[in-house]
Amino acid sequence: MSLDHIRQRLQQAETAAGRPAGAVQLIAVSKVQPAARVAAVLEQGHRLFGENRVQEAQGRWPDFQAPFDGIALHLIGPLQTNKARAAVQMFDAIHTLDRPKLAQALARLAQERGACPDLFVQVNTGAEPQKAGVMPDAADDFIAQARAMDLPLVGLMCIPPVDADPAPHFALLAEVAARNGLAGLSMGMSGDFETAVALGATHVRVGSAIFGARDG
Ligand SMILES: *Cc1c(COP(=O)(O)O)cnc(C)c1O
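Let us look at the structure shown here.

Definitions and limits used
- Residues numbered from 1 in each chain as written.
- Predicted model: local features only at pLDDT ≥ 70, side-chain atom pairs only at ≥ 80, totals over all residues.
- Heavy atoms only, no water.
- Buried < 20%, exposed > 50% of the residue type's maximum accessible area, 1.4 Å probe, protein only.
- Helix = DSSP H or I, 4+ residues; strand = E, 2+ residues; numbered from the N terminus.
- Pairing = 2+ DSSP bridges.
- Right-handed = clockwise from strand over helix to strand, strands pointing away.
- Salt bridge = Lys/Arg side-chain N within 4 Å of Asp/Glu carboxyl O.

This part takes up the pairing of strand β6 (residues 153-157). Of all five residues that make up β6, four are buried, and the element is covered over most of its length. Of the pairings in the sheet, the one linking strand β5 (residues 118-122) to β6 comprises four bridges and is parallel in character. The residue bridging V121 from the neighbouring strand is L156, located in β6. Following the chain from β5 across helix α6 (residues 139-148) to the adjacent parallel β6, one finds a crossover that is right-handed. Where β6 lies against strand β7 (residues 184-186), three bridges are found, and the strand directions are parallel. In the strand pairing of β7, G155 is matched with G184.

Quick look at the structure:
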């Protein structure tokens, strides 16, 4: 269990980037992790977690929310429109808004409930055909469209291509966010969060480096 170690590295990265301590939120990505590991991180005082599936989150988090106060949950995986209602009930933020149909579904729910989780638009910075996210050259239009629906956009999110240097992808995301007046940047995972912090990340999503490997 190395939550402390990751917190330390995050703080060093903030300092190295000339950013104040606490400028970057650490999202502990608990997907697929055994409950005992999640409980251990909660017991160390951590409260911000990321899950990539609505159903998995629904299955496990109510049991933690009774004994532990102040838990915040962020959805970082793809969201099907038919799970949007469950997602807005469960999550404080959704990092994977990536298409008009989902934006419309969230806008309807926001109106109905009078509240909506914070939303990040996922950008497919590597323009990979199999990957979710709006293409970089379609991002400005999509952001404008979502804003016209009164959705609470707070930032952008990306997952760089697996074998690529992530830095240009983080820089591109920061550039698209800046020209659209969005402050949030959800970028950086276990292997590259320090690079992301140097390039302006406000939220890093760290799983295996905190909890250990997911597969065994
Ligand atoms: C699983 C996952 C992470 C965390 O990955 P690690 O390499 O374990 O830190 C971050 N972001 C997304 C979208 C994920 O699905």
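A separate point is the pattern of salt bridges. If charged atoms from side chains of opposite charge come close, those side chains can pair. Going through the model one piece at a time under the given rule, you end up with nine salt bridges. For D4, the salt bridge identified is with R7, shortest N-O distance 3.7 Å. Linking D4 with R7, this pair stays in helix α1 (residues 3-16), spanning three residues, or about one helical turn. With a relative accessible area of 48%, D4 lands in the partly exposed category. Each of E51, E56 and R60 takes part in one network of salt bridges that share partners.

Everything listed is a geometric property; what it means functionally is a separate question.
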